[in-house]
Amino acid sequence: MSRTPLVSGNWKMHLNHLEAIQVCQKLSYELARHRYDRVEVSLHPPFVDLRSCQTVIDADRLEFKLGAQNCHDQSHGAFTGEVSPAMLAKLDVSYVIVGHSERRALFGETDEFVAAKAAAVAKAGMAPIVCVGETLDDREAGRAAEVVTTQLQGSLAKLTRAHFETLVVAYEPVWAIGTGRNASPQDAQDMCATVRQVVDDIRRGTGQHLRIQYGGSVKPANAQELLAQPDIDGALVGGASLDPTQFARIVQAAL
Ligand code: PEP
């Protein structure tokens, strides 16, 4: 089964809209030196940068997909400070990250809320990138697979069978995010194989075409080995995605 790798840049709360345009343009120059039609690239800027990035991607016919880092599960209403899936879809957003560990840990997002968001994103015609991953305590206690399984069962609970066709899961061990310490390729592979099996158990027949990203301190130096693993179909990249040269090298590693 061939799955097109997806390499996504999560800019978190970095880059204003002018800086975002520059990074899009620099990245396009970097990638233009290589053929990268066998890999999909999505960029996930802060909400306030989306319109600027959409405009530059559209005007310069850049090959990137636009992504968001989060959204609310409701389509409109009295939710001060929130952004709806419909608003994102109108900006040509293709992928929305939901349940990132920073949202879970810092903003108290539960599996139930993540499930509602993932379903709302899919209903609005975009693909959710659902993040799961264990803490260091979980791993050291031998609970990593159990924790990830519970997160998947909870976070995917509201998706229909059709939604599983576009679903992406990002396996991101919390202890590897922003720490410079990545999971070993074998540990990442083992957990991504578990993710595929669990998703297939949730919806029989959907595991084989599911795209699973690894995330957690992916850099040019470790990308090749991680992305060569059979159950790893791309990367969710934080810090290194802010530097177009580094990010382009990670994209090349996925080719
Ligand atoms: C992330 O933000 O999802 C992430 C994996 O960050 P980093 O690559 O910086 O570890």
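For the structure, see preceding data.
Residues numbered from 1 in each chain as written. Predicted model: local features only at pLDDT ≥ 70, side-chain atom pairs only at ≥ 80, totals over all residues. Heavy atoms only, no water.

Trainee: Sorry, what's going on with the overall build of the protein here?
Mentor: Along the backbone of the protein there are ten helices and eight strands. Over its C-alpha trace the protein gives a radius of gyration of 17 Å, about what one expects of a compact globule, namely 18 Å for 255 residues. Seen along its three principal axes, the alpha-carbon backbone of the protein occupies a region of about 45 × 45 × 35 Å. Relative to its full complement of 255 residues, the protein shows a buried share of 56%. Excluding contacts between residues fewer than 6 apart, the proportion of contacts in the protein whose partners are at least 24 apart in sequence is 74%. Entry remark: accessible area of the protein is about 11500 Å², with carbon and sulfur atoms responsible for 50%. (Helix = DSSP H or I, 4+ residues; strand = E, 2+ residues; numbered from the N terminus. Rg over C-alpha atoms; globule rule 2.2 N^0.38 Å. Buried < 20%, exposed > 50% of the residue type's maximum accessible area, 1.4 Å probe, protein only. Contact = heavy atoms within 4.5 Å. Areas by Shrake-Rupley, 256 points an atom, 1.4 Å probe, with all protein chains shown as cover.)

Trainee: Teacher, can you tell me more about the packing of helix 1 (residues 17–32) against helix 2 (residues 50–59) here?
Mentor: Two quantities define a packed helix pair, namely the angle between the axes and the distance from one axis to the other. Contact geometry of helix 1 with helix 2 gives a least axis separation of 9 Å together with a crossing angle of 30 degrees. In terms of orientation, helix 1 lies roughly parallel with respect to helix 2. Considering the relative orientation of helix 1 and helix 2, their crossing is right-handed. Contacts between helix 1 and helix 2 pair His-17, Ala-20, Ile-21, Cys-24 and Gln-25 from the former with Ser-52, Cys-53 and Val-56 from the latter. Of the residues contributing to the contact of helix 1 with helix 2, the split by class is five nonpolar, three polar and no charged. (Axes fitted to C-alpha atoms, helices over the stretch in contact; angles between N-to-C directions. Parallel < 35°, antiparallel > 145°, perpendicular 65-115°, else oblique. Left-handed = near helix turned anticlockwise from the far one by under 90°. Nonpolar A, V, L, I, M, F, W, Y, C, P; charged D, E, K, R; others polar.)

Trainee: Would you take a moment to explain the site of the ligand for this structure?
Mentor: Surveying the vicinity of the ligand reveals 14 residues, the closest of which are Lys-12, Glu-172, Gly-178, Ser-217 and Gly-238. At 2.7 Å from an oxygen atom of the ligand is found a main-chain nitrogen or oxygen belonging to Gly-178. With respect to the ligand, the backbone of Gly-239 contributes an N or O atom lying 2.8 Å from an oxygen atom. Considered on its own, the ligand offers 290 Å² of accessible surface; in the complex 98% of this is hidden by protein. Of the residues that constitute the shell around the ligand, the class distribution is four nonpolar, eight polar and two charged. (Near = heavy atom within 4 Å. Polar contact = N/O pair within 3.5 Å; in protein donor to acceptor, adjacent residues only side chain to side chain.)

Trainee: Would you mind going over the packing of aromatic side chains with me for this structure?
Mentor: Aromatic rings in a pair are described by how distant their centres are and how their planes are angled relative to each other. Under the criterion given, the structure shown has one aromatic pair. The ring of Phe-107 has Arg-103 lying over it, and the distance from NZ or CZ to the ring centre is 4.1 Å. Over the ring of Phe-113 we find Lys-117, and its NZ or CZ is 4.5 Å from the ring centre. (Phe/Tyr/Trp six-rings, centres within 6.5 Å; stacked < 30°, edge-to-face > 60°. Lys NZ or Arg CZ within 6 Å of the ring centre and 35° of its normal.)

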